[in-house]
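# Coordinate analysis (summary)
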Amino acid sequence: MSIRTVKVGLVQNFCSQDLKSNLSKAEDGIRRAAQKGAQIICLQELFKSLYFCDVEDHDNFKLAESIPGPLTDFFSSLAKELGVVIIASLFEKRAEGLYHNTTAVLDADGSYLGKYRKMHIPDDPGYYEKFYFTPGDLGYKVFNTKFAKIGVLICWDQWYPEAARITSLMGAEMLFYPTAIGWHKDQDKEINDEQYQAWQTIQRSHAVANGVPVVSVNRVGIEGDMKFWGGSFVTNAFGRVLYQADHVEEEVYVQELDMENSDRYRTHWPFLRDRRIDSYSPILKRFIDED
């Protein structure tokens, strides 16, 4: 009996002020991953530029572009040339004064499958995303690519089990998270380790609860006061870490995933079977109190 497998590629890069260089590095990473056999390749969040959300600066809106547009056309041609699926995180200009943090998906034949707009928008020191991004209004999305039906969520979405659950219930066979997260460069090692472990653990829990592999692709390197912690990783469908990237270096890595495992884990640990959907309506409240 044949076993269905999919090879996923992760491209973890440094970014600079040179937009052309960033795009060139992303292209090179995709080509290297394809050469290693990757079928679905994911870039990190907002790979085209430095992570500009560390400041509130109106000039940064000039970095945005339409989706679909020139960049999706570029990746469409590259996807078709290499016969791979590309997951590209971009700064979307939807209309004058209306912007989103958006990921586009290009299929292996070069077709544009659509986009997912980040639903959960953070606003913290060094992550002033609410200044730039309108919350997504497309809902959660799955994309029927040549190699698998995939779900795409973005960075801050990682902390929300509801997002992973809904995307999985829509039929996603694996979850991808382009992300940009790091430590303050003066932070101590104990806090750094605690934060990274929390970040990875919450995503591993999405794999366990939903019985799907998770692929998380982070940027790396120092930008301003932030040291992006890299640490991109892949889990199997029960949350076991199959690969974890370095915290300092750039990496291009390809991981083969056994797609038959989801059924095995879901039948041995039948969380979806035992869901009490009749009891979950309180989750729609902001907080469960007398009001």
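The sections below set out a description of the structure shown in this document. As the structure is a computational prediction, the values presented were derived from the model and not from experiment.

What follows covers the overall build of the chain. Counting secondary structure elements, the chain contains five helices and 17 strands. Dimensions of the chain along its principal axes, counting C-alpha atoms only, are 55 × 50 × 40 Å. For the chain, with 291 residues in total, the buried portion stands at 49%. Taking the contacts inside the chain whose residues are at least 6 apart along the sequence as the reference set, 69% of them involve residues at least 24 apart. When the accessible surface of the chain is split by element, carbon and sulfur atoms take 51% of a total near 13,800 Å².

Orientation of helix α3 (residues 161-169) relative to helix α4 (residues 189-210), taken along the N-to-C sense of each, is 40 degrees, at an axis distance of 10 Å. The two elements α3 and α4 meet at a crossing, and its hand is right-handed. Contacts between α3 and α4 involve Pro161, Ala164, Arg165 and Ser168 on the former and, on the latter, His206, Ala209 and Asn210. A breakdown of the residues in the contact of α3 with α4 according to their chemical character gives three nonpolar, three polar and one charged.

In helix packing, the relevant descriptors are the interaxial angle and the interaxial distance, both defined with respect to the helix axes. It is at 11 Å that the axes of helix α1 (residues 19-35) and helix α2 (residues 70-82) come closest, and there the two elements cross at 20 degrees. When the axis of α1 is compared with that of α2, the two are roughly parallel. Where α1 crosses over α2, the handedness of that crossing is right-handed. Of α2, the residues touching α1 (which contributes Leu23, Glu27, Ile30, Arg31 and Ala34) are Leu71, Phe74, Phe75, Leu78, Glu81 and Leu82.

Buried residues dominate strand β3 (residues 85-95), accounting for eight of its eleven residues. Here strand β2 (residues 40-43) runs beside β3; their pairing, made up of three bridges, is parallel. Across the sheet, the residue bridging to Ile40 is Val85, located in β3. Read from β2 through α2 to β3, the crossover connection turns out right-handed. Here β3 runs beside strand β4 (residues 98-106); their pairing, made up of nine bridges, is antiparallel. Bridge pairing in β4 places Ile87 opposite Val105. Here β3 hands over to β4 after two residues, with Gly97 in that stretch at a positive phi of 75 degrees.

Taken together, the side chains of Asp188, Glu190, Asp193 and Glu194 make up a negatively charged region of the molecular surface. Secondary-structure assignment places Glu194 in helix α4. Among the residues examined, Glu194 registers a relative accessible area of 57% and is labelled exposed.

This part is about the environment of Leu82. Examined against the element boundaries, Leu82 turns out to sit in helix α2. Taking the C-alpha atoms as reference points, Leu82 and Gly231, separated by 149 residues in sequence, lie 26 Å from one another. Discounting residues that sit within four places of it in the chain, Leu82 has contacts with Ile30, Arg31 and Ala34.

Moving on: the packing of aromatic side chains. For the structure shown, the criterion picks out 27 aromatic pairs. With a centroid separation of 5.6 Å and 65 degrees between ring planes, the pair formed by Trp199 and Trp229 is classed as edge-to-face. Of the two residues, Trp199 is situated in helix α4 and Trp229 in strand β14 (residues 226-229); the sequence distance between them amounts to 30 residues. Accessibility assignment for this pair places Trp199 and Trp229 in one class, buried. Judged by centre distance (5.2 Å) and plane angle (40 degrees), the rings of Phe238 and Trp269 are tilted. With Phe238 in the loop between β15 (233-235) and β16 (241-244) and Trp269 in the segment after α5 (261-268), the pair connects residues that are 31 residues apart, well separated along the chain. Residue Phe238 is classed as partly exposed on the basis of its relative accessible area of 25%. Trp269 sits in the partly exposed class, given a relative accessible area of 45%. Three or more aromatic residues link up through ring pairs in this structure, and these residues are Phe52, Phe61, Phe91, Tyr99, Phe131, Tyr132 and Phe133.

Overall, mixed pairing links the six strands, which are arranged β5-β4-β3-β2-β1-β17 in an open sheet. The strands lining the two open edges of the sheet, one partner per strand, are β5 (112-117) and β17 (251-258). Averaged over neighbouring strand pairs, the angle between their axes works out to 30 degrees when direction is ignored. The pairing of strand β1 (residues 5-12) with β2 spans four bridges and is classified as parallel. Paired with Val11 across the bridge in β2 is Leu43.

Conventions we followed
Residues numbered from 1 in each chain as written. Predicted model: local features only at pLDDT ≥ 70, side-chain atom pairs only at ≥ 80, totals over all residues. Heavy atoms only, no water. Helix = DSSP H or I, 4+ residues; strand = E, 2+ residues; numbered from the N terminus. Buried < 20%, exposed > 50% of the residue type's maximum accessible area, 1.4 Å probe, protein only. Contact = heavy atoms within 4.5 Å. Areas by Shrake-Rupley, 256 points an atom, 1.4 Å probe, with all protein chains shown as cover. Axes fitted to C-alpha atoms, helices over the stretch in contact; angles between N-to-C directions. Left-handed = near helix turned anticlockwise from the far one by under 90°. Nonpolar A, V, L, I, M, F, W, Y, C, P; charged D, E, K, R; others polar. Parallel < 35°, antiparallel > 145°, perpendicular 65-115°, else oblique. Pairing = 2+ DSSP bridges. Right-handed = clockwise from strand over helix to strand, strands pointing away. Patch = residues over 30% accessible without salt bridge, like charges linked within 9 Å, V, L, I, M, F, W, Y side chains within 5 Å. Salt bridge = Lys/Arg side-chain N within 4 Å of Asp/Glu carboxyl O. Lys, Arg positive; Asp, Glu negative; His and termini not counted. Charge placed at Lys NZ, Arg CZ, Asp CG, Glu CD. Phe/Tyr/Trp six-rings, centres within 6.5 Å; stacked < 30°, edge-to-face > 60°.

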